[in-house]
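For reference, the chains in residue letters:
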Amino acid sequence: MSFQTLPPILASIFSLLAIASLLLTFVMLGSRWLRNYLYAFAAESWLIAILSAAVGYFAGFPELYLIAILTAVFRGVVLPYLVWRIIRRLDVDREAHETLQPASALIIGALSVVFALLVARRVGGELGLVGTVAVLALTVMLSMKLIGFLMLSIRYEAISQVLGLLILENGIFLGAQVLVPGMPMLVEIVILFDLLVAVACFGVLVRYLSSAVGTTSSRELKRLVG
Amino acid sequence: MTVRDILLQVGQVLTVLLLSPLIQGVIVKFEERVQRAQGPSVLQPYRDLWKLFHKRIVVPDTASPIHWLAPVVAFTCMLTVPILIPVLTDFPLPYSDMGDILGGGLILTLGSFMILLAGLDAGGAYGGIGSSRAVMVAILAEPTLILVFIGITLLAKAMLPFVVNHLLVGDPAVYFSPAHLFLVAAFFVLLLVETDRLPIHSNTHVEVYMIEEARVLEYSGPLLGLLKWASMMKQFILFTIFCNVLTLPWGLSHQGTALGALAAAAGLVVKFVLVGCAVVFVETVQSRLRFYRYQEPLAASFLLATLAIIATQLA
């Protein structure tokens, strides 16, 4: 599929959807409240669903409609609901300890986007990717991965780390939608169910953590037992 | 350079001069209405200015000539900037090629700088606090402002506000491109910071929270009137740049007839009421940030500007 032939207004809309989901990742990075993370993640999933439906419509991949619906239902509703249930059971509603202030985290995030842009240009040139949307998708994918890693490394709460992992995955999914829209559907469905299992397991682990250690912050997990 | 163009240019300056208290009044009125209070009349700022210009001037003993100079310079700066930007017409008028976006920014900053000096000049405690806080905010806001200007320049391949206006009116693909929308969002945060609004500035002027007000505490009478008017004009000018250059570039006089200019002025009031509603919304839902969290909205704005520049690089 070629994005060269896209009319400029469509290219604008595609880039807007991709960058808006990147922006929602920054909302997660800049906030302190677990609930905000969750809302931002749900909204981001809906945007990705819209994006894959749009790619399916304009590039002629009807199977992407199904993917869009699955994305909206699983990532937009079911996963946030599961995480919300975990949050409701815990008595933690915000990140108590910060290694890095949200403002500094935002600046580092911006730098990582610049880095991702440079890498994406290089990789796009090597792979012969044409069209700005493809390079943009690569940039958004890489920077969402970097920000996901950043969240995993600067946040202590178990929920934040689950959501950091989910962002990472969302980034890869978004990039795949645009770069390889014809990815076999079975693979995508497998990934979706994989996530479902992952979040369910995390739920069990978090509950175990809070009952056995008395906290869900990984700051307390310093003592080796064996 | 025709007589008509000169008249239009004078009209631009007069529009800013005469309508700026109105928009201040409208925002104050709306804010009070949202809180279910009656609120002052939208004409109250005009009455305040009238009252101030009929009062005596009291000057502190410690004041130097800067005390007299600052209000005049600040007021003149605000009269100069409207010449450079599209207030009524979408084509350049005489002398609007004196400076580009950066030039306009320089003159705006010169006005603030003079008020800052005036705050320090009389040696009062509050003036010093106000000036130091204002510099702190300016240090945080300036990098973002420069980045927004760079983003606009990269988007339009020009530093003239008229070119940006034509580009956005002519090409909806550019209007809806992420680069442009992020610039709008980044500039909106700057707009709140520069026009003394929440989340950084307090809307009640208690000594503990004062930033802009603290700098002018030593002033009285007509000099205070000039300073207040200058700050209202600054707000009007920033709103004009936000609307006519970035957000709502439509509805400017294209042929420069008297009727067109009047309609453009009326359109300007409508646009400003829209932006005013957005400002009132933010002021209603946001509480004031404490001092050590000032950098947060500005870091977000910096981030948006960075994203906008990245998006222009991809386009």
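1. Let's talk about the overall build of chain B
Thinking step 1. Check the secondary structure of chain B and you find 12 helices and zero strands.
Thinking step 2. Its helices and strands taken in sequence order, chain B reads α-α-α-α-α-α-α-α-α-α-α-α from the N to the C terminus.
Thinking step 3. Since a compact globule built from 315 residues should have a radius of gyration of about 20 Å, the 19 Å found for chain B is in line with a globular shape.
Thinking step 4. Taken across its 315 residues, chain B has 47% of its residues classed as buried.
Thinking step 5. Contacts spanning at least 24 positions in sequence make up 82% of the contacts within chain B whose residues lie at least 6 apart.

2. A word on the environment of Glu95(A)
Residue and element names in this part refer to chain A.
Thinking step 1. Its place among the elements puts Glu95 in the loop between α3 (63–89) and α4 (102–127).
Thinking step 2. In sequence terms Glu95 and Leu34 are 61 residues apart; their C-alpha atoms lie 7.0 Å from each other.
Thinking step 3. Filtering out sequence-adjacent residues up to four positions away, Glu95 remains in contact with Arg32, Arg155, Glu157 and Ser160.

3. Quick word on the packing of helix α1 (residues 8–30) of chain A against helix α2 (residues 34–59) of chain A
Residues and elements named next belong to chain A.
Thinking step 1. At their nearest, the axes of α1 and α2 sit 9 Å apart, and the two run at 165° to each other. By the angle between their axes, α1 is roughly antiparallel relative to α2. Considering only the axes of α1 and α2, their crossing is left-handed. For the pair formed by α1 and α2, the contact residues are Leu10, Phe14, Leu17, Ala18, Ala20, Ser21, Leu24, Thr25, Val27 and Met28 on the first element and Asn36, Tyr37, Ala40, Phe41, Ala43, Glu44, Leu47, Ile48, Ile50, Leu51, Ala54 and Phe58 on the second.

4. Things to note about the environment of Arg88(A)
Residues and elements named next belong to chain A.
Thinking step 1. Considering the arrangement of structural elements, one finds Arg88 in helix α3.
Thinking step 2. A residue is classified by how many C-beta atoms lie within 10 Å of it, and Arg88, with 10 of them, is exposed.
Thinking step 3. Along the chain, Arg88 and Arg35 lie 53 residues apart, while their C-alpha atoms are 9.8 Å from each other.

5. Regarding α2(A)
Thinking step 1. Helix length check: α2(A), at 26 residues, gives a terminal C-alpha distance of 37 Å against a target of 38 Å (1.5 Å per residue), a fit within 8%.
Thinking step 2. Gly60(A), located one to two residues past α2(A), shows a positive phi value of around 75°.

6. A short note on the interface of chain A and chain B
Thinking step 1. Each partner contributes to the interface: chain A provides 21 residues, whereas chain B provides 19 residues.
Thinking step 2. Secondary-structure elements contributing two or more residues to the side of chain A that touches chain B are α1, α4 and α5 (132–154) of chain A.
Thinking step 3. Here the residues of the side of chain A that touches chain B are counted per class, giving 16 nonpolar, five polar and no charged.

7. Examining helix α7 (residues 185–212) of chain A
Residue and element names in this part refer to chain A.
Thinking step 1. The first and last C-alpha atoms of α7 sit 41 Å apart over 28 residues, in line with the 40 Å expected at 1.5 Å per residue.
Thinking step 2. Within α7, burial applies to Val199, Phe202 and Val206.
Thinking step 3. The secondary structure elements touched by the buried residues of α7 are α3 and α6 (158–179).
Thinking step 4. Taken from the residues just after α7, Gly214 is the one with a positive phi, measuring 90°.

8. Here's the deal with the nonpolar core
Thinking step 1. With 153 residues, the main nonpolar core has Ala18(A), Ala137(A), Ala74(B), Leu183(B), Ala186(B) and Ala308(B) as its most contacted residues.
Thinking step 2. Per-element tally for this core: the top contributor is helix α10 (residues 221–247) of chain B, with 16 residues.
Thinking step 3. With residues near it in sequence (within four places) discarded, Ala137(A) still touches Ala18(A), Leu174(A), Gly175(A), Val178(A) and Leu179(A).

9. Let's talk about the confidence of the model for chain B
Residues shown with low pLDDT carry predicted positions that ought not to be read at fine detail.
Residues and elements named next belong to chain B.
Thinking step 1. Scored by pLDDT, chain B has a mean of 86; 97% of the residues are at 70 or more.
Thinking step 2. The least confident element of chain B, judged by mean pLDDT, is helix α7 (residues 172–175) at 80; the most confident is helix α2 (residues 44–53) at 93.
Thinking step 3. The ipTM, which scores confidence in the relative placement of chains, is 0.73 for this predicted complex, and the corresponding pTM is 0.83.

10. Re the packing of α3(A) against α6(A)
Residues and elements named next belong to chain A.
Thinking step 1. For the pair α3 and α6, the least separation of the axes is 11 Å and the interaxial angle reads 170°. Regarding the angle of α3 to α6, the classification is roughly antiparallel. Mapping the contact onto sequence places Leu79, Val83, Ile86 and Ile87 in α3 and Ile159, Val162, Leu163 and Leu166 in α6.
Thinking step 2. Looking at side-chain class alone, the contact of α3 with α6 contains eight nonpolar, no polar and no charged residues.

About the thresholds
- Residues numbered from 1 in each chain as written.
- Chains lettered and ligands numbered in written order.
- Predicted model: local features only at pLDDT ≥ 70, side-chain atom pairs only at ≥ 80, totals over all residues.
- Helix = DSSP H or I, 4+ residues; strand = E, 2+ residues; numbered from the N terminus.
- Rg over C-alpha atoms; globule rule 2.2 N^0.38 Å.
- Buried ≥ 20, exposed ≤ 12 C-beta atoms within 10 Å, placed from the backbone.
- Contact = placed C-beta atoms within 7 Å.
- Axes fitted to C-alpha atoms, helices over the stretch in contact; angles between N-to-C directions.
- Parallel < 35°, antiparallel > 145°, perpendicular 65-115°, else oblique.
- Left-handed = near helix turned anticlockwise from the far one by under 90°.
- Expected span 1.5 Å × (residues − 1).
- Nonpolar A, V, L, I, M, F, W, Y, C, P; charged D, E, K, R; others polar.
- Core = buried A, V, L, I, M, F, W, Y, C linked by C-beta atoms within 7 Å.
- pLDDT = per-residue confidence, 0-100.

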